Amino acid sequence: MHEKLTLPPKCHGRCWRHEPHGRLYHWHHHDEPEFNLVVRGTARYLLGDRRYDLGPGCLVWLFPRQEHVLTELSDDFVCWISVIRPTPLRRAARGPTYSSLRAADPPGHFCKRLVAADMTLLTALCRDVATQQDPQRFNLGNLHLFLAAWEAFTRAPDLPDPQRLHPAVERAVALISADPETELTAVARRAGLSASRLSRLFHRQVGQTLVAWRVRVRLERFLGLRRKHPQRTLLALALTAGFGSYAQFHRTFRTAMGVGPGQWGHMETPTSSTLS
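Cut-offs applied
- Here the residue index of a chain counts from 1 through its sequence in written order.
- Selection of residues for local features in this predicted model requires a pLDDT of at least 70, selection of side-chain atom pairs for listing and counting requires 80 or more, and totals for whole chains, interfaces and linings are taken over all residues.
- Computation of side-chain values: all heavy atoms of the structure, hydrogens and water removed.
- Any two strands between which DSSP finds at least two bridges are classified as paired.
- Here a helix means four or more residues in a row that DSSP labels H or I, a strand means two or more in a row labelled E, and each is numbered from the N terminus.
- Angles run from 0 to 180 degrees between N-to-C directions of axes, and those axes are lines fitted to C-alpha atoms, restricted for helices to the stretch in contact.
- Note on definitions: a residue-residue contact is assigned when non-hydrogen atoms from the two residues lie within 4.5 Å.
- Any carboxyl oxygen of Asp or Glu that lies within 4 Å of a side-chain nitrogen of Lys or Arg is treated as forming a salt bridge with it.
- Partly exposed residues are those whose accessible area sits between 20% and 50% of the maximum for their type, while under 20% is buried and over 50% is exposed, using a 1.4 Å probe and protein chains only.

Overview of the sheet that holds strand S7 (residues 78-84)
Reasoning step 1: Taken together, 5 strands build an open sheet; the order of strands is S1-S7-S2-S5-S8 and the sheet is antiparallel. The two strands at the open ends of the sheet, each matched to only one other strand, are strand S1 (13-18) and strand S8 (111-113). When strand polarity is set aside, the average angle formed by the axes of neighbouring strands in this sheet is 15 degrees.
Reasoning step 2: In this structure, strand S2 (residues 34-40) lies alongside strand S5 (residues 58-62), joined through 4 bridges in antiparallel fashion. Across the sheet, the residue bridging to Leu37 is Leu59, located in S5.
Reasoning step 3: Docked against the sheet, helix H2 (residues 116-130) engages S1, S2, S5 and S7, running at close to 110 degrees with respect to S2.

Printed below as a string of structure tokens:
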């Protein structure tokens, strides 16, 4: 799903320290290149047919044509996120060193663990850029941050190649994400594996069962509907999202988010609702 990011006026991007606190994420891509710098905790990115396992010190790049979703976040997960419009980045990132950074979907793997000195430097730069109030200074600082992050990435040692998702798992993720009401036996048939084989493979590679992934997609659908239609009742939104009853929905929501659905609306911040 293409997502249009909301950026501050006159700014070519955004930089912020991200502490999810009960966030769910959906498959999406956006026009702006993005990097995530993990400060604490663990998480997992699913990106096309790739899977990146993240931990402290990891720097991961996301490019405009790449559908991605962040999942399996630990309770203490924190990262810096920065995005930038592609035009000013392409103007500044000249030469072969930056060729992949200018691309919309470059081949290869783009997750590494930084050396300690570069992690310290980039964390300080992120903090400085994120607190900059003047748009012109922010734009210059964020551009410098992107180039510095890329140079640190190129210096970092390569990690083992990330595990590639089995084509059937990738297909199942896409099918359920597009329509969580699809019967799981039909998902398995369209993915080309038996239901038992797909179930085992899916759990091993994604870290969730097929049923749990379908529940997650329904929750994502509810959260999106809630933002678009705040005047509608929670029951109506839950039923539209695919839950069979309000009791089932409420139980599932509290388990996943740590709070009830009525409380969640008061906790969400503008940043987390417009950028992820």
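What about the pattern of salt bridges?
Reasoning step 1: Using the criterion set out here, one finds 8 salt bridges in the structure.
Reasoning step 2: The salt bridge involving Arg17 is made with Glu19; its shortest N-O contact spans 3.1 Å.
Reasoning step 3: Classification of Glu19 by relative accessible area gives partly exposed; the value is 33%.
Reasoning step 4: For the salt bridge of Arg218 with Glu181, the shortest nitrogen-to-oxygen distance reads 3.1 Å. Of this pair, Arg218 sits in helix H7 (residues 210-228) while Glu181 sits in the loop between helix H4 (167-178) and helix H5 (184-191), and the two are 37 residues apart along the sequence.
Reasoning step 5: On the basis of relative accessible area, Arg218 is assigned to the buried category, the value being 12%.

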